[in-house]
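Okay, here's what each chain looks like letter by letter:
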Amino acid sequence: MSLIIGIAGGTASGKSTFAEILAEKLRESFTVKLVNMDAFYKSEDERPKNVSHLSGKTYMDDNVPDAIDFDAFHREIDSAAADVVIAEGLFALSDEYLKEKLFLRVYVDCRDDERAVRRLKRNMSWGLSFDEVAEVYLDMVRFRHDQLVEPIKWTADVIVNGASDTEKAAEMIKSYITERK
């Protein structure tokens, strides 16, 4: 039976980067499957649209659980033939299905201003303008983070500083898993 590690955190907090670093460290001793929740977004026509409380504008809201195809996400995790499965994404620690299955709950934390700058850089590299990225962040993403993502931080077993080098944290988690596997 696989050990399942859940890794969550805010948008652009470093959770995907940390998950990849941890997976590489664990692969030295175990078979590892990394399942990134971003790969399980519903199609654009199926994703919810919500109104910003600030501007009144309607946005496709990718920062709510309804945007994710959790059935497919769960099937991918359950079918993984690996010693360790890393389930990474915004809602990896709040997903009711996963809660009971998680061996270790990790939250990657990073200050809001740094996450905003990282998101700007990333999304602008995808071709979006500064104004487009900033508007969505300020109107919708920030609110959803405060409402749905930040509160789960306190359910984590480990909080990792996403603003620093996370190699040591990955080594510590690897040691913890090695002792228990």
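Residues numbered from 1 in each chain as written. Predicted model: local features only at pLDDT ≥ 70, side-chain atom pairs only at ≥ 80, totals over all residues. Heavy atoms only, no water.

Caption draft 1: Focus on unusual backbone geometry. Even without a glycine there, the phi angle at A12 is positive, about 60°. On the basis of relative accessibility, which here comes to 14%, the residue A12 falls in the buried class. (Buried < 20%, exposed > 50% of the residue type's maximum accessible area, 1.4 Å probe, protein only.)

Caption draft 2: Layout of the nonpolar core. With 23 residues, the main nonpolar core has M37, F73, I77, F91 and L93 as its most contacted residues. Elements with a contribution of two residues or more to this core: β1 (3-9), α2 (70-78), β5 (84-88) and β6 (102-109). In terms of residue count, the dominant contributor to this core is α2 (four residues). Beyond its immediate stretch of four places on either side in the chain, F91 contacts M37, N63, V64, P65, I68, F70, L148 and V149. Core analysis: the next-biggest nonpolar cluster, separate from the first, contains 19 residues, L3, I7, L22 and A170 among them. (Core = buried A, V, L, I, M, F, W, Y, C linked by side-chain atoms within 4.5 Å. Helix = DSSP H or I, 4+ residues; strand = E, 2+ residues; numbered from the N terminus. Contact = heavy atoms within 4.5 Å.)

Caption draft 3: A look at the side chain of N123. Its location among the elements puts N123 in helix α4 (residues 112-125). Leave out the neighbours within four places in its chain, and N123 touches L128 and V133.

Caption draft 4: Spatial organisation of the packing of helix α1 (residues 15-26) against helix α6 (residues 167-180). Where α1 contacts α6, the axes come no closer than 9 Å and their chain directions differ by 45°. Compared by their axis directions, α1 and α6 come out oblique. Regarding α1 and α6, the two cross each other, and that crossing is right-handed. Taken together, the residues of α6 that come into contact with α1 (itself represented by F18, I21, L22, K25 and L26) are E167, A169, A170, E171, I173, K174 and I177. Here the contact of α1 with α6 is built from residues that sort into eight nonpolar, no polar and four charged. (Axes fitted to C-alpha atoms, helices over the stretch in contact; angles between N-to-C directions. Parallel < 35°, antiparallel > 145°, perpendicular 65-115°, else oblique. Left-handed = near helix turned anticlockwise from the far one by under 90°. Nonpolar A, V, L, I, M, F, W, Y, C, P; charged D, E, K, R; others polar.)

Caption draft 5: Up close: the packing of α4 against helix α5 (residues 130-149). Between α4 and α5, the shortest axis-to-axis distance is 10 Å and the interhelical angle comes to 135°. Judged by the angle between their axes, α4 and α5 are oblique. Note that α4 runs across α5; the crossing there is right-handed. Note on element contacts: α5 touches α4 through F130, V133, A134, V136, Y137, V141 and H145, opposite D112, R115, A116, R119, L120, N123 and M124. For the contact of α4 with α5, the residue count by class is nine nonpolar, two polar and three charged.

Honestly, that's just the spatial picture; any functional story needs more than this.
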